[in-house]
Amino acid sequence: FVGRKAELQQFSDLLKIARETDKGHAVLVRGDAGIGKTRLIKEFESLASSHDFARHKGMILDFGASKSREAIHMIVNSLLKIEANSNEAICRACVKKAIDDGLLRPEHKVFVYDLMDLSLSPKLQSLYDAMDNETRNSGKQKTLSALLRNISACQPVLVIIEDTHWADIQTLPYLAELTDVVADTPTLLVMTSRIEGDQLDQTWQDGLHGGSLTVMNITPFKKEEALDLASEFDEITMQVVTKCIERAEGNPLFLEQLLLSAEETKGELVPGLLQSIVLSRLDRLDPIDKLAIQAASIIGQYFSLDLLCHLIENQQYSCNQLMVNQLVRPEDNDYLFVHALVREGVYASLLKSKGRQFHKAAAVWFEKKDFELCAEHFRCAEDRRAAKAYLNAAQAQVKKYNYSRALSLVGQGLNLHSEKEVKEELMCCKAQILLEMGSNEESVKIYKEALALCSEESTQVRAMLGMVGGMRVLGEYEEGIKVLKQAEKKAIHNDLTQELARIYHMRGNLCFPLGKTADVLKYHKLALQYAQQASSIELEANALGGLGDAYYVSGRMKTANENFHQCVELSQQHGFSRIEAANLSMVGWSYFFLNEFEHALEAGAEAVRVAKKINHYRAEIVAHHIIAEVNYNLGNFDITKQEYQRASKLEGIIKTNTFEAQRFHKLGMIAYNEGNHVLAMDLLEQAETSCRNHGMDFSGAAILGGIAEVTTDKARCKNALAEAESLLQKGARHQTYFIFYRHAIDASLNNEDWDSVDRYAAALSLFTVPEPLPWSDFFITRGRVLAAFGRGQRDDMVQQQLK
């Protein structure tokens, strides 16, 4: 090792600071290809070892990287002391030991298993399936962070990640997480990058949360440093050494290859390009070694001896001569080219026909082992099977929720020539990924394009279902129903039972925001019927939840409660955590209208617990709202406010203000009950503004009822009540009926308008005829008896009813 004294001193200082202060640092060693980054890193490792730092290393490869060779996978395995090529049993045992030793918590298990590419138990898989993609990605990043933090508490750590210029969009957040965590742990993170293509730029650094990055720009060797390096080659004359140094222009790799070539040719120099040097060195190899190194170059910078032997059809081959000639070096149980540029030079020496032959053989080798590598090799072989292979690879990544990678793979597949059926599937796959990633408009657009290509009706139905999934999020309810009508005909024609269950469930969901109460019930009943025919428990659970919604908006809370209960029980039995979380809240809401407040609070608390476990923020928001509503009715105003604060924070996370109108409404009523009429009206007016911005159908009538009850302006009270009743007649959500009539009765009592009290009580009674409810019965009876009392009735029956 020669030169780089300033860099070594800087690193030595960082080691000392980390040891003395328990505060680490992130360093980016950056320079041109071949400038000596890897060699410098080896010296850093040696220095860290002398300071008793544990060392963990990963490398990002540009081509041919299997899951086991991905940088983050390698770092996790290294931290857990798992040797390369260990089997699943050993890996699981190491995870168990880490949990037992307190390096990981039990809830980290699902994430570390994914990081290590281990299969999940059915229970863990169901939990993982229920999470949204942001939760999964964040969970994995925080798990890596926790593991490193806990390990570094026992011994200082050096983490090395080489070649970050090849990092993909999935790896960059992990690098940011590591950069952040080392800032307050005795850990040094050292990464390397070429200047060209550097991904850890200012934009990436701006996204850090507390971490910082020191960049070491590695410059070319000075002449005296180059002479120090050349002194290792004592069989070369000074004249040749001088020419080599001039030609290398301070690049250590170039200089080393020139000197090796000169040594092999007894002082004869080759043309001054690295590729030319590599070619001249290859020509001096034995034919079998030259064939082997060329075959290795198509595998990638890192390659296994098993695959190499398969490609050259020689099971006894060894890489000894390739190591002697300093072209490759051993790495774990396999081999690595001494530098990516050497591998590129070797690859360029291949005849195209021979390269395609090797790539095709490698693709077949990986066909059952690694879908992604299979696709890459088929593409390089210019084989027609490449597009289908990319589809398989993308679908495999979708199953693992690696949507960014899946999108990249499907894009590569679409860029290739393929059969019509494969292109249809690739486009549907792309649209599905975009939908999962929240790119709803783009997803609908791609689904429409795929639909235009589809010739099979079964494929058309699946494309239509995907399209409507995006339309629902975009609020295109009527258009979605039109598409589902077309899909229904095709599904019936082809006897697609599962698809029909999905079609009717989606149609019921689309009718819900449109206030088509009868249709909500009709289609969810059909969804349940076809789910049972298809023997799909998950579709059955979905349908039962849909039926609960249908009865809920019809005001039939007892029946709704029964359906929600069945849905939750089925989901709990089979691990459908996401369905469970969404419907537990509704169990609570239906209990509320049955005046079973204790059960409503229990369901709300359980809904919060389940939703937190899978970070289902929307379900958690609804759960906090039911807990708040019950406590408001019990007069526990401080608890109500706390629950709304929790809900508000979650709304900020998912960037929605859909629930703010309901929150302002109830906070306004609390202020009214506490005697602050000015604040009450201010909050209710905020609720009204928010509601008008989002549409009055959902809670407009209830909020107008609250304004009517609180305002002292009789004209405003009258107008608010009239507008609210108009909304109800147009088909507003039926839960709103209950809340509005409670307000309307109290507003009329405030104004001593006894006839209106009776009218509103009668309207609420008529609405609940199909299924009378304890909650509405209470307010109907209360309103009528107070109106009677207001008219001057003081008989025993009135006195008894008041009591």
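Only a predicted model underlies this, so the values are computations on that prediction, with no experimental measurement involved.

## What to know about the overall build of the protein
When you go through the protein residue by residue, the secondary structure sums to 41 helices and eight strands. If you line up the protein on its principal axes, its C-alpha atoms span 125 × 65 × 45 Å. Here the protein holds 803 residues, and the buried ones make up 54% of them. The long-range fraction of contacts in the protein, counting pairs at least 24 apart against all pairs at least 6 apart in sequence, stands at 64%. On the protein, roughly 35,900 Å² of surface is accessible, and the fraction owed to carbon and sulfur atoms is 48%. Of the charged side chains in the protein, 90 are positive and 108 negative; the average position of the first set lies 2 Å away from that of the second.

## What about unusual backbone geometry?
Excluding glycine, residues mostly have negative phi values, and the peptide bonds linking residues are mostly trans. Backbone geometry places Lys-81, a non-glycine residue, at a positive phi of 60°. Here Lys-81 shows up in the loop between α3 (71-79) and α4 (88-100). Unusually for a residue other than glycine, Ser-535 sits at a positive phi of about 55°. Residue classification places Ser-535 among the exposed residues on the basis of a relative accessible area of 63%.

## Considerations on the sheet that holds strand β6 (residues 302-303)
Strands pair in a sheet through their backbones, by hydrogen bonds, and they do so in one of two ways: parallel or antiparallel. Strand order in the open sheet made by the three strands is β6-β8-β7, with antiparallel pairing throughout. Sheet topology places β6 and β7 (328-331) at the edges, where each strand pairs with a single neighbour. In the sheet, β7 pairs with strand β8 (residues 334-337) via four bridges, with the strands oriented antiparallel. The residue bridging Glu-331 from the neighbouring strand is Asp-334, located in β8.

## Section: the pattern of salt bridges
All told, the structure shown has 41 salt bridges when counted by the stated rule. For the salt bridge of Asp-114 with Lys-140, the shortest nitrogen-to-oxygen distance reads 3.1 Å. Pair noted here: Asp-114 is in helix α5 (residues 109-115) and Lys-140 is in helix α7 (residues 133-152), with a separation of 26 residues, a long-range link. Of the two residues, Asp-114 and Lys-140, both sit in the buried class. One salt bridge in this structure joins Lys-516 and Glu-478, with 3.7 Å as the shortest N-O distance.

## Notes on the packing of helix α36 (residues 700-710) against helix α37 (residues 714-729)
Their axes nearest at 8 Å, the elements α36 and α37 cross at an angle of 160°. Considered as vectors, α36 and α37 are oriented roughly antiparallel to each other. Here the hand of the crossing between α36 and α37 comes out left-handed. Within the contact between the two elements, α36 uses Gly-700, Ala-701, Leu-704, Ile-707 and Ala-708 and α37 uses Arg-716, Cys-717, Ala-720, Leu-721, Glu-723, Ala-724, Leu-727 and Leu-728. Among the residues forming the contact of α36 with α37, the class breakdown is ten nonpolar, one polar and two charged.

## Here we look at the sheet that holds strand β2 (residues 54-59)
A sheet is described by the order of its strands in space; here five strands give the open sequence β2-β3-β4-β1-β5, paired in parallel fashion. Sheet topology places β2 and β5 (213-217) at the edges, where each strand pairs with a single neighbour. Each strand axis lies, on average, 20° off the axis of its neighbour in the sheet, ignoring direction. Where strand β1 (residues 25-30) lies against β5, five bridges are found, and the strand directions are parallel. Within the sheet, the bridge partner assigned to Val-27 lies in β5 and is Thr-214.

## Concerning the pairing of β1
With six bridges connecting them, β1 and strand β4 (residues 187-193) associate as parallel partners. Looking across to β4, one finds that His-25 is bridged to Leu-188.

## As for helix α8 (residues 172-182)
With ten of eleven residues buried, α8 is to be regarded as a mostly interior element. Among the residues of α8, Leu-172, Tyr-174, Leu-175, Ala-176, Glu-177, Leu-178, Thr-179, Asp-180, Val-181 and Val-182 are the ones counted as buried.

## Some remarks on the environment of Ser-699
If you trace the backbone, Ser-699 turns up in the loop between α35 (677-694) and α36. Not counting the four nearest positions on each side in its chain, Ser-699 is found in contact with Ala-661, Gln-662, Cys-691 and Thr-736.

## Topic: the nonpolar core
By size, the foremost hydrophobic cluster in this structure holds 246 residues, and its most contacted members are Ile-161, Leu-308 and Phe-593. For Ile-161, the residues in contact, after removing those within four places along its chain, are Gly-58, Ile-60, Ala-71, Ile-72, Ile-75, Leu-175, Leu-178, Leu-189, Val-190, Met-191 and Thr-192.

## So, the side chain of Asn-251
Within the secondary structure, Asn-251 is located in the loop between α11 (238-248) and α12 (252-264). Those residues in contact with Asn-251, other than ones at most four positions away along the chain, are Ala-33, Gly-34 and Ile-35.

## Quick look at the pairing of β4
Of all the seven residues making up β4, seven are buried; the element is thus mostly covered by neighbouring parts of the structure. Where burial is concerned, the two faces of β4 agree: the one with Thr-187, Leu-189, Met-191 and Ser-193 and the one with Leu-188, Val-190 and Thr-192 are both buried. Here strand β3 (residues 157-162) runs beside β4; their pairing, made up of five bridges, is parallel. Residue Val-159 lies in a different strand from β4, and its bridge partner there is Leu-189. In the classification by handedness, the crossover that spans β3, the intervening α8 and the parallel β4 is right-handed.

## Side note on the state of the cysteines
Overall, the coordinates contain zero disulfides when judged by the stated rule. Not engaged in a disulfide, the cysteine Cys-154 finds its nearest cysteine sulfur in Cys-94; these two sulfurs lie 16 Å apart. A residue is classified by how much of its surface remains accessible, and Cys-154, at 67% relative accessible area, is exposed. With no disulfide of its own, Cys-691 lies closest to Cys-717 among cysteine sulfurs, the gap being 18 Å.

## Observations regarding the packing of aromatic side chains
On inspection of all chains with the given rule, the structure shows 25 aromatic pairs. Ring plane angle 50° and centroid distance 6.3 Å describe the contact between Tyr-741 and Tyr-760, whose orientation is recorded as tilted. Linking Tyr-741 in helix α38 (residues 735-750) with Tyr-760 in helix α39 (residues 754-767), this pair joins segments that are 19 residues apart in sequence. A relative accessible area of 9% places Tyr-741 in the buried class. Sitting over the ring of Phe-789, Arg-794 keeps its end group 3.7 Å from the ring centre.

## A look at the packing of α38 against α39
At their nearest, the axes of α38 and α39 sit 8 Å apart, and the two run at 165° to each other. By the angle between their directions, the pair α38 and α39 is classed as roughly antiparallel. When you trace α38 past α39, the crossing you get is left-handed. Residues Tyr-737, Phe-738, Phe-740, Tyr-741, Ala-744, Ile-745, Ser-748 and Leu-749 of α38 pack against Trp-754, Ser-756, Val-757, Tyr-760, Ala-761, Ala-763, Leu-764 and Phe-767 of α39. Here the residues of the contact of α38 with α39 are counted per class, giving 14 nonpolar, two polar and no charged.

Definitions and cut-offs
Residues numbered from 1 in each chain as written. Predicted model: local features only at pLDDT ≥ 70, side-chain atom pairs only at ≥ 80, totals over all residues. Heavy atoms only, no water. Helix = DSSP H or I, 4+ residues; strand = E, 2+ residues; numbered from the N terminus. Buried < 20%, exposed > 50% of the residue type's maximum accessible area, 1.4 Å probe, protein only. Contact = heavy atoms within 4.5 Å. Areas by Shrake-Rupley, 256 points an atom, 1.4 Å probe, with all protein chains shown as cover. Lys, Arg positive; Asp, Glu negative; His and termini not counted. Charge placed at Lys NZ, Arg CZ, Asp CG, Glu CD. Pairing = 2+ DSSP bridges. Salt bridge = Lys/Arg side-chain N within 4 Å of Asp/Glu carboxyl O. Axes fitted to C-alpha atoms, helices over the stretch in contact; angles between N-to-C directions. Parallel < 35°, antiparallel > 145°, perpendicular 65-115°, else oblique. Left-handed = near helix turned anticlockwise from the far one by under 90°. Nonpolar A, V, L, I, M, F, W, Y, C, P; charged D, E, K, R; others polar. Core = buried A, V, L, I, M, F, W, Y, C linked by side-chain atoms within 4.5 Å. Right-handed = clockwise from strand over helix to strand, strands pointing away. Disulfide = S-S within 2.5 Å. Phe/Tyr/Trp six-rings, centres within 6.5 Å; stacked < 30°, edge-to-face > 60°. Lys NZ or Arg CZ within 6 Å of the ring centre and 35° of its normal.

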